[in-house]
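Residue-level listing of the chains:
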Amino acid sequence: MRHFLRDDDLTPAEQAEILEAAAAMKHAPYDAKPLVGPQTVAMIFDKPTLRTQASFGAGIAELGGNPMLIDGALAGIGKRESVEDVARILGRQVSAIVWRTYAQSDLETMAAHAGVPVVNALTDEFHPCQLLADLMTVREHKPELAGLTATFFGDGASNIGNSWLLAGVTAGMHVRISAPEGYTPSEEMFARAREIGEQTGGTATWEPDPRAAARGTDVVVTDTWVSMGKEEEADARTAIFGPYSVTQELFELAEPDAIAMHCLPAYRGKEIDAEVLDGIQSVVWDEAENRRHAQKAVLDFVLRHAGERA
Ligand code: NVA
């Protein structure tokens, strides 16, 4: 069974194939119908959502399927009923499961017991669907992904930091994490990225000095300093990440044709200046749109490969 639980579940060739398919789906949104029936895909949210629910819901419908929203609070997965039992139950009803939750280990448990493909719609550790949309967006603005330098500023230990490291290096990019000590991806995450980089030519580095990190960057990336679930640390985080704010001044240190990316929701004046987010080099609205196309392509991929061993 193929699942999409973390960015490195896809080989470099598979990632490239999905990005190609996503671009074709954007061009002809109603041509691919792998969910004709309609087959149902369960979408479960244990954390807030806007883009993810909207883009999966619309995308599943475009694929000929029926998006079924499951309210995580009502279902009480892991509380009212074990993750294993929920997986077995849903697997008898639906063709695939899309889940946003906290622990990556719970997502893995779901995948081990569902009997249908499971897709990560964000965990504390990874946000791999966002990265497919991001890479698709970069491809729309740059001739090729391999060899580009992307720098993530802010909480490098977050889901977006980890996912940029793995997915970017899978695409052959040079990924820099510019974050304070204690807020970088783990040593294991860097080791995994470097292992992938041996095949793709991509590299993974940590640069704590944001100005040094910005120089030579083609893709400037940031995200909220307070990820969902970290709200109690909001004040401390604002002080810690202040120097990593993507201000207009920092953005101007990057390549003249650099693009600015943010998975949204954005907090203007905190992790990014309004001037950058709303400026002409920002591609954030394309990123948000491309969630739908990229997720359709990944759903199509896991459904086609559902019978295979990962
Ligand atoms: N790092 C953010 C991403 C939101 C899409 C969070 O987890 O809240």
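In what follows, the structure referred to is the one given above.
Residues numbered from 1 in each chain as written. Predicted model: local features only at pLDDT ≥ 70, side-chain atom pairs only at ≥ 80, totals over all residues. Heavy atoms only, no water.

**Overview of the site of the ligand**
Keep this limit in mind: Only heavy atoms are used to decide nearness, and a residue is near a molecule or strand if one of them lies within 4 Å of it. Pairing of N or O atoms within 3.5 Å defines a polar contact, subject to two protein rules: one partner must be a possible hydrogen donor and the other a possible acceptor, and residues neighboring in sequence count only if both atoms are side-chain atoms. For the accessible areas, the method is Shrake-Rupley and the probe is 1.4 Å, while residue cover comes only from the protein chains on display. Buried and open spaces are told apart on a 1 Å grid over the protein atoms alone, a cavity being a set of points where a 1.4 Å probe fits but cannot get out and a pocket being an open set with protein on both sides within 12 Å along at least five of seven lines. Residues with an atom within 4 Å of a point are the lining residues. By definition, a pocket or cavity contains a molecule when more than half of the molecule's atoms lie within 2 Å of the pocket's grid points. Three residue categories are used. Nonpolar comprises Ala, Val, Leu, Ile, Met, Phe, Trp, Tyr, Cys and Pro, charged comprises Asp, Glu, Lys and Arg, and polar comprises the others, including Gly.
Within the structure, the ligand sits among L122, H127, N159, D223, T224, S227, M228, C263 and L264. Note that a nitrogen atom of the ligand is positioned 2.8 Å from one of the side-chain N or O atoms of N159. Contacts to the ligand include M228, whose backbone N or O atom sits 2.8 Å from an oxygen atom. In isolation the ligand has 270 Å² of accessible area, and contact with the protein removes 95% of it. Most atoms of the ligand, that is more than half of them, are within 2 Å of grid points of the largest pocket. Taken together, the residues of the shell around the ligand break down into 4 nonpolar, 4 polar and 1 charged.

**Structural notes on the nonpolar core**
Rule in force here: Here, nonpolar core refers to any group of buried Ala, Val, Leu, Ile, Met, Phe, Trp, Tyr and Cys residues whose side-chain atoms link them within 4.5 Å. When a residue's accessible area, from a 1.4 Å probe over protein chains only, is under 20% of the maximum for its type it is buried; when over 50% it is exposed; and in between it is partly exposed. In this analysis, two residues are considered to be in contact whenever any of their non-hydrogen atoms come within 4.5 Å of each other.
By size, the foremost hydrophobic cluster in this structure holds 58 residues, and its most contacted members are F56, W164, M173 and V219. Setting aside anything within four residues of it in sequence, one finds V219 in contact with V138, T149, A150, T151, W164, M173, I259 and M261.

**Quick notes on empty space enclosed by the protein**
Our working definition: Grid points are joined across faces, edges and corners, and a volume is the space filled by probe spheres set on the points. Numbering of helices and strands runs from the N terminus; a helix is a DSSP stretch of H or I covering at least four residues, while a strand is a stretch of E covering at least two.
Under the counting rule described, the total for this entry stands at 1 cavity of 30 Å³ or more. Here the largest cavity defines a volume of roughly 50 Å³. Considering the residues around the largest cavity, the lining is formed by F4, D7, L10, Q15, P128, L131, L132, L135, A167 and T170. Elements that contribute at least two residues to the lining of the largest cavity include exactly helix 6 (128-141) and helix 7 (159-170). For the lining of the largest cavity, the element with the most residues is helix 6, which contributes 4 residues. Looking at the lining of the largest cavity, its residues break down into 7 nonpolar, 2 polar and 1 charged.

**Looking at the packing of aromatic side chains**
The description of an aromatic ring pair rests on the distance of the ring centres and on the angle between the ring planes. Note the following rule: Ring geometry is summarised as follows: Phe, Tyr and Trp rings, the Trp one being its six-membered ring, pair when their centres sit within 6.5 Å, and such pairs are stacked at plane angles under 30 degrees, edge-to-face over 60 and tilted between the two. A ring has a charge above it when a Lys NZ or an Arg CZ is no more than 6 Å from the ring centre and no more than 35 degrees off the ring normal.
According to the stated counting rule, one finds 2 aromatic pairs in the structure shown. Taking the centre distance of 5.0 Å and the plane angle of 75° together, the rings of Y183 and F241 count as edge-to-face. Placement of the pair is Y183 in the loop between strand 6 (174-178) and helix 8 (187-200) and F241 in helix 10 (residues 234-241), with a sequence separation of 58 residues. You can call Y183 partly exposed: its relative accessible area is 21%. Note on F241: relative accessible area 0%, which makes it buried. The structure contains a cluster of three or more aromatic residues connected by ring pairs, namely Y183, W225 and F241. One Lys or Arg, K47, reaches over the ring of Y102 and ends 4.7 Å from the middle of that ring.

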